[in-house]
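Structure assessment
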Amino acid sequence: MTAPVYVVLGAGPGLGLSTARRFAEAGHRAVLLGQSAESAQPLAEQLVAEGFEAEVDGVDLLDEADVRRAVGAVVERHGRVDVLHFNPSAWRERTVLELTVAELLEDVTFGVGALLPALQAAAPAMPTGARVLVTGSQAADTPWSGAPTLGIQKAAVRNLVTSIDATMKERGVRAVAMQVNGMLKKEGPLGPDAVSAALFAAATRPDEGWTAHVSYDG
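This is a predicted model, so every value here is computed, not measured.

**Here we look at the packing of helix 5 (residues 115-122) against helix 6 (residues 148-168)**
The N-to-C vectors of helix 5 and helix 6 enclose an angle of 20°; their axes lie 12 Å apart at closest approach. The orientation of helix 5 with respect to helix 6, classified from their angle, is roughly parallel. Of the two elements, helix 5 crosses helix 6, and the hand of that crossing is right-handed. For the pair formed by helix 5 and helix 6, the contact residues are Leu115, Leu116 and Leu119 on the first element and Val157, Leu160, Ile164 and Met168 on the second.

In structure tokens, the structure reads:
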């Protein structure tokens, strides 16, 4: 039987790598989709050195076609996507008196919109029990005025997850956004390892009593 496949968009050396490791520990093949294959390659090499199966690709989250290509390539190679983890967010320090509509829409495309083509490319290969996992943030409820697009992204993607879960549950696939209530740190309860363990727990809950939103307070 083919090993389950975990795909993370917005892979990086912090939370993305730690969550990929957590799913790899549970037997998943990890596919890390970063800004470029070159930037993500050291992450996969680290996982492979630890004895896990991992691979990488680059993806431009502002390019719908490229998102479809990258996720579609995973489907072609492995025939399945068991966990689709949407991890990106755009940080732009511009107040509402400086922010342009184009900048706002670009950040929303990056931190929210890219989930749609990723899901649509993965959905035909998501078996019963598969999960859509989204990294959320307290910025959805308490945005910082110096970087307002982050809060908009996190509020919007949380809302989108509600619709994804309602749509996909008929296929036996559930979606969850885990809101991290605190600033990410290098270690401790809000460090990558602890948060990744909480993301894993949120995604691997049974269907009974499922909720599309989970909070993590550290």
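**Brief notes about the side chain of Gln153**
With respect to the helices, strands and loops of the structure, Gln153 is situated in helix 6. The residues contacting Gln153, other than those within four sequence positions of it, are Ser89, Ala90, Asp107, Val108, Gly111 and Val112.

**Some details on the pairing of strand 6 (residues 174-180)**
Look at any regular strand and the pattern is simple: side chains alternate between the two faces of the sheet. Summarising burial for strand 6: 7 of the 7 residues are buried, a large majority. The side-chain alternation of strand 6 yields two buried faces, one formed by Arg174, Val176, Met178 and Val180 and the other by Ala175, Ala177 and Gln179. Of the strand pairs in this sheet, strand 5 (residues 131-137) and strand 6 are connected by 7 bridges, and their pairing is parallel. If you follow Val134 over to strand 6, its bridge partner there is Ala177. Between the parallel elements strand 5 and strand 6, the chain passes through helix 6 in a crossover that is right-handed. Strand direction decides the pairing type here: strand 6 and strand 7 (residues 213-216), joined by 4 bridges, are parallel. Counterpart to Met178 in the pairing with strand 7 is Val214. In this fold, the crossover linking strand 6 to strand 7 by way of helix 7 (residues 192-203) has left-handed handedness.

**Section: the pattern of salt bridges**
Applying the stated criterion across every chain, the model contains 16 salt bridges. A salt bridge links Arg92 to Glu103; its shortest N-O distance comes to 3.8 Å. With Arg92 in the loop between strand 4 (83-86) and helix 4 (101-113) and Glu103 in helix 4, this residue pair connects regions lying 11 residues apart in the sequence. Of the two residues, Arg92 and Glu103, neither departs from the other in class, the shared state being buried.

**Brief notes about the packing of aromatic side chains**
Evaluated as defined, the whole model comprises 3 aromatic pairs. Summarising the aromatic geometry, the rings of Tyr6 and Phe23 are spaced 4.7 Å apart at their centres and angled 15° between planes, so their arrangement reads as stacked. Here Phe23 lies in helix 1 (residues 15-25) and Tyr6 lies in strand 1 (residues 5-9), a separation of 17 residues in the sequence. Note on accessibility: Tyr6 and Phe23 belong to one class, buried. Taken together through their ring pairs, the aromatic side chains of Tyr6, Phe23 and Phe200 make up a single cluster. One Lys or Arg, Arg205, reaches over the ring of Trp210 and ends 3.9 Å from the middle of that ring.

Reading the values: the criteria
- Residues numbered from 1 in each chain as written.
- Predicted model: local features only at pLDDT ≥ 70, side-chain atom pairs only at ≥ 80, totals over all residues.
- Heavy atoms only, no water.
- Axes fitted to C-alpha atoms, helices over the stretch in contact; angles between N-to-C directions.
- Helix = DSSP H or I, 4+ residues; strand = E, 2+ residues; numbered from the N terminus.
- Parallel < 35°, antiparallel > 145°, perpendicular 65-115°, else oblique.
- Left-handed = near helix turned anticlockwise from the far one by under 90°.
- Contact = heavy atoms within 4.5 Å.
- Buried < 20%, exposed > 50% of the residue type's maximum accessible area, 1.4 Å probe, protein only.
- Pairing = 2+ DSSP bridges.
- Right-handed = clockwise from strand over helix to strand, strands pointing away.
- Salt bridge = Lys/Arg side-chain N within 4 Å of Asp/Glu carboxyl O.
- Phe/Tyr/Trp six-rings, centres within 6.5 Å; stacked < 30°, edge-to-face > 60°.
- Lys NZ or Arg CZ within 6 Å of the ring centre and 35° of its normal.

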